[in-house]
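# Fold and geometry: a report
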Amino acid sequence: MNDKSSPPDMCSPSDHDAPALSRRRALGLAGGVALSAGGVLAGWPLLANAQDYPSKTVRMVIAFPPAGATDILARAVAQRLGDTLGQQIVVENKPGAGGMIGLENAAQSAPDGYNLFLCALTNQAIAGHLYPNATSDISRDFEPVSLLANGAHMLNVHPSVPAKTLPEFIQWLKANDGKVTYASQGNGTLSHLETELLAQRLNLKLTHIPYKGSSQALPDLLAGTVSFMFDSVAASMVHVKAGKLRALAVAATQRVPAFPDLPTVAEGGVPGYDVDNWFGLFVPKGTPADIVKRLNADLAKVLADPELGKVLVQQGYAIQHGDPAKLAAVTKAERSKWGEVIKTANVTIR
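Attention in this report is confined to the structure presented alongside it. Being a predicted model, the structure only gives us computed values, none of them experimental. (Residues numbered from 1 in each chain as written. Predicted model: local features only at pLDDT ≥ 70, side-chain atom pairs only at ≥ 80, totals over all residues. Heavy atoms only, no water.)

Attention now goes to unusual backbone geometry. In terms of backbone geometry, most residues other than glycine have negative phi values and most peptide bonds are trans. In this structure, the amide linkage connecting Tyr53 to the following residue, Pro54, adopts the cis form with an omega of -5 degrees. Following the sequence through the fold, Pro54 ends up in the loop between β3 (44–45) and β4 (58–62). One non-glycine residue with positive phi stands out, namely Ala67, at about 80 degrees. Within the secondary structure layout, Ala67 lies in the loop between β4 and α2 (69–85). (Helix = DSSP H or I, 4+ residues; strand = E, 2+ residues; numbered from the N terminus.)

Looking now at helix α6 (residues 190–202). Taking 1.5 Å of rise per residue, the 13 residues of α6 would be expected to cover 18 Å, and the 18 Å separating its terminal C-alpha atoms lies within 8% of that figure. Of all 13 residues in α6, 11 are buried, a share of seventy percent or more. Of all the positions in α6, only Leu190, Ser191, His192, Leu193, Glu194, Thr195, Glu196, Leu197, Leu198, Ala199 and Leu202 are classed as buried. Asn203, located one to two residues past α6, shows a positive phi value of around 55 degrees. (Expected span 1.5 Å × (residues − 1). Buried < 20%, exposed > 50% of the residue type's maximum accessible area, 1.4 Å probe, protein only.)

Another aspect to go through is the side chain of Asp71. Tracing the backbone through its elements, the reader meets Asp71 in helix α2. We classify Asp71 as buried; its relative accessible area is 6%. Contacts of Asp71, omitting those with residues within four sequence positions, involve Ile62, Pro65, Pro66, Val91 and Asn93. (Contact = heavy atoms within 4.5 Å.)

As enumerated under the stated definition, the model contains eight aromatic pairs in all. A ring pair is formed by Phe230 and Tyr273, whose centres lie 6.3 Å apart and whose planes are at 15 degrees; its orientation type is stacked. Residue Phe230 is located in strand β11 (residues 228–232), and its partner Tyr273 is located in the loop between β12 (246–251) and β13 (278–284); the two are separated by 43 residues in the primary sequence. The same class applies to Phe230 as to Tyr273, namely buried. Here a set of aromatic residues connected by ring pairs shows up, and it is made of Phe169, Trp172, Tyr182 and Phe228. (Phe/Tyr/Trp six-rings, centres within 6.5 Å; stacked < 30°, edge-to-face > 60°.)

Shown next as structure tokens:
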């Protein structure tokens, strides 16, 4: 990997204070309940009765900027889940550091059911390897609530690239080995690592230009400053349909309904390339089990709504509801898979 530049404000999460999280760990919230005379748990008020939940606005943190795949999914789900819960859900964008800033913000929140973390799970699994000294961890510091969806990424090239198909693009990359630049949503994001995986499979060298989210990377891709980028179907489709970008394949194990004629990378000539982009909902460790159960049940209803399904399919998502055990299993599998890619590519955060 050859990083030409670094994205702005990519601070290490170890620089962030985590007093609330440390307080919660010290009191052992994962295994027990500590009550004070005033009914306060680790500095936060307890719900007097979980059946009254929710009685106020709920916050949903995401770790990426507006207009990207995580943001689009979060706002669609938050609106309908809020209707089901009977309270507004406010989405808060906390981008930066490959998703770690948002993770830490959510981890330090009160475990009371009023703080949700809609996680770009595959990105978070990657970041877990790249930030080994981070004070927060998706498996350790959160309760899994529900698997939500799979949001495929597309391989988009600038029209100046002389390739109309993925096989032609591969030939062009090989003819220009070491000379081609690509954009990503940030150093250590899925957009970055799936390109590294492609380079590994093709035994090529590419120059990486990282940005702070796809909304910042797209202008340079549209201008031809960089040659290609893996980005979400949701963020890409408007530019592809307008002819400003050319989509060559999807980085997924299956084709996406929004672009049924677009092959997967594996179908296009890169055997064994299987990348899925999972999303799930988590809550801070220590959130009452009955609230987790309530949220999962309500999300099952929300995701079964045909209208929401139609909206998400048109944006390139495939709904994949699952219980907390399923989400935990996907989290573990993704972490193992991307750990190998990172090790082989010798990817580090600088």
